[in-house]
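Structural overview for review
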Amino acid sequence: MSGSLITDEIRALVGLQSEPERNRFPVSAEMAYDVADAIEDYNPLYVDPEYAESSRFGSLLCPPLAAWKDIAPPIGYFGAGQEWHFEVPLPFNSYGLNGGSDWQFLSPVRVGSWVSRQFRMLDIFEKQGRSGPLVFIVREETQTDQQGQELSRAKRVSIHRALPAGEQPTDVAQVAADLTTVAVAPPNPEVILSKPEPAQVAQRYFEDVAVGDSLPAVVKGPMTTTHLIRWAAANGNYARIHWDLPFAQLHQGLPNVVVNGSLKNQYLGQLLLDFAGEEGWFKRFYVEHRGMDFPGDTLTASGAVSGVREIDGYGHVDCTVVLQNDRGNQTAAGTATVILPKRGQSLPLTWDEEPW
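Residues numbered from 1 in each chain as written. Predicted model: local features only at pLDDT ≥ 70, side-chain atom pairs only at ≥ 80, totals over all residues. Heavy atoms only, no water.

1. With respect to unusual backbone geometry
Of note, the amide linkage connecting P186 to P187 takes the cis form, showing an omega dihedral of 5°. As for its placement among the helices and strands, P187 is situated in the loop between α5 (172–179) and β8 (214–220). Residues G221 and P222 are joined by a peptide bond in cis, for which omega reads 10°. Here the phi dihedral of A72 falls at roughly 50°; this positive angle occurs in a residue that is not glycine. Within the element layout of this structure, A72 appears in the loop between α4 (49–54) and β2 (75–76). (Helix = DSSP H or I, 4+ residues; strand = E, 2+ residues; numbered from the N terminus.)

So this is what it looks like as structure tokens:
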């Protein structure tokens, strides 16, 4: 392919906005539990109705990064849930890799909420990658509830690449030989991985936090294909590179199935929600994906306080976060802001959006 991949037809999509789309069902206690179980985060606000109803939220909550579930999505070449609003007519058939996202969390997602979402195309551009041209698609997603209350805004980046000629093997015997090189992920047949127990953590207060403080790490794994399938079932996105090994290798040139970028986002989100505590607020989260993780990897989400500031009487704590596997690879990194209460202070449950 020569010349620019961004045609006038593609460029004309920038600035367009989709019609609002309401989910097929309201957020249910089962959905909240399924998400919590898939990410192995048994926060009582997600799984214990009596506890949640007695909290300041007054209801069970859904983890904020998973408020939308694709119910019975269409099934295409790349799997279910890959059809985007404003389908971009690229000159090659490509799966969109998760390049990263920037979230603003504006209100809690309560069980019983009807969530609607709307997309706006912010930008489409291209860069030259090591394996060839890359197309970056930037969309803004806004989620609201049935009262019109904004729950979140997210700026999402997907990266599309054309596979170089010859990268897709056609010799079945060679493909079969390649498949045998993939190690079977733990556990061993006689091992059952136990689910973690929720830990009771004392509430942190703004007065007690200083630059350089570490966030208590969140460790997940060793990852298995079952983790990936459970996450797919919880959010309704069955992209084939996360569970179909022959497809991942034969059609995408990957060494193995890949841990979902959205699942890794959840692990970093748990790190920050745990740090904020029940009386705090997880306000802003920006993450970039820099590498791939595979079944067998153990993932550690960690972070540190990079700044403390007071805005309108509320204590904002800025953090840097990273996700690293036990092979020594840092595969995601980003920044976040949590709001911690001062002693004797109660934080609001709705927040104004910030400019990008």
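And the narrative resumes.
2. Structural notes on the environment of Q17
Residue placement: Q17 occurs in the loop between α1 (8–11) and β1 (21–22). Residue Q17 is classed as partly exposed on the basis of its relative accessible area of 46%. C-alpha separation for the pair Q17 and F119, spaced 102 residues apart in sequence, amounts to 5.7 Å. (Buried < 20%, exposed > 50% of the residue type's maximum accessible area, 1.4 Å probe, protein only.)

3. Some points on empty space enclosed by the protein
Within the structure shown, the criterion is met by 2 cavities of 30 Å³ or more. If you trace the second largest cavity, you find it lined by I39, D41, Y46, P63, P64, L65, Q266, G269, Q270 and L273. Broken down by element, the residue count for the lining of the second largest cavity peaks at 4 residues, all from helix α8 (residues 261–276). Per-class residue counts for the lining of the second largest cavity are 6 nonpolar, 3 polar and 1 charged. (1 Å grid on protein atoms, 1.4 Å probe; cavity = no way out; pocket = protein on both sides within 12 Å on 5 of 7 lines; lining within 4 Å. Points joined across faces, edges and corners; volume = space filled by probe spheres on them. Nonpolar A, V, L, I, M, F, W, Y, C, P; charged D, E, K, R; others polar.)

4. What about the pattern of salt bridges?
Two side chains bearing opposite charge may form a pair once their charged atoms approach each other closely. The final tally for this structure, using the stated rule, is 21 salt bridges. For the salt bridge of R117 with D70, the shortest nitrogen-to-oxygen distance reads 3.6 Å. Here the residue R117 occupies a position in strand β5 (residues 116–129), and D70 occupies one in the loop between α4 and β2, the gap between them amounting to 47 residues. For D70, a relative accessible area of 18% puts it in the buried group. Two residues, R240 and D244, come together in a salt bridge whose shortest N-O distance is 3.0 Å. Note on D244: relative accessible area 13%, which makes it buried. Bridged by salt links that share partners, the residues R120, E140, E150, R153 and E353 form one connected network. (Salt bridge = Lys/Arg side-chain N within 4 Å of Asp/Glu carboxyl O.)

5. Considering the side chain of D102
One can find D102 in strand β4 (residues 97–105). Since its relative accessible area comes to 10%, D102 is described here as buried. A distance of 3.0 Å separates polar atoms of two side chains, one belonging to D102 and the other to R284. Leaving out residues up to four positions away in the same chain, D102 has contacts with R153, A154, K155, R284, F285, Y286 and W356. (Polar contact = N/O pair within 3.5 Å; in protein donor to acceptor, adjacent residues only side chain to side chain. Contact = heavy atoms within 4.5 Å.)

6. Things to note about the sheet that holds strand β7 (residues 150–161)
Strand order in the open sheet made by the 10 strands is β1-β5-β6-β7-β4-β9-β12-β11-β10-β8, with antiparallel pairing throughout. The two strands at the open ends of the sheet, each matched to only one other strand, are β1 and β8. Alignment of β5 against strand β6 (residues 132–144), held across 13 bridges, turns out to be antiparallel. Bridge pairing links K127 to L134 in β6. Packed on one face of the sheet, α8 meets β4, β8, β9 (281–289), β10 (299–311), β11 (314–325) and β12 (330–340) and runs near 145° to β9. (Pairing = 2+ DSSP bridges. Axes fitted to C-alpha atoms, helices over the stretch in contact; angles between N-to-C directions.)

7. With respect to the environment of L122
With respect to the element layout, L122 can be found in strand β5. For the pair L122 and E30, spaced 92 residues apart in the sequence, the C-alpha separation amounts to 34 Å. Discounting chain neighbours no more than four positions away, the residues touching L122 are V14, V138, R139, E140 and K155.

8. Section: helix α2 (residues 29–39)
Of all the positions in α2, only M31, A32, V35, A36, D37, A38 and I39 are classed as buried. The inward-facing, buried residues of α2 abut α3 (44–47), β8, α6 (225–235) and α8.

9. Topic: the packing of aromatic side chains
One pass over the full model with this rule turns up 8 aromatic pairs. Seen in terms of ring centroids, F78 and F247 are 6.2 Å apart; in terms of plane orientation they differ by 80°. Their pairing is edge-to-face. Of the two residues, F78 sits in the loop between β2 and β3 (79–80) while F247 sits in helix α7 (residues 245–252), which places them 169 residues apart along the sequence. Residues F78 and F247 agree in their burial class; the two are buried. With a centroid separation of 4.8 Å and 35° between ring planes, the pair formed by F105 and F282 is classed as tilted. Note that F105 is positioned in strand β4 and F282 in strand β9, a separation of 177 residues in sequence. As far as burial versus exposure is concerned, F105 and F282 are alike and both buried. Within the aromatic cluster, the residues linked to one another by ring pairs are W103, F105, F282 and F285. (Phe/Tyr/Trp six-rings, centres within 6.5 Å; stacked < 30°, edge-to-face > 60°.)

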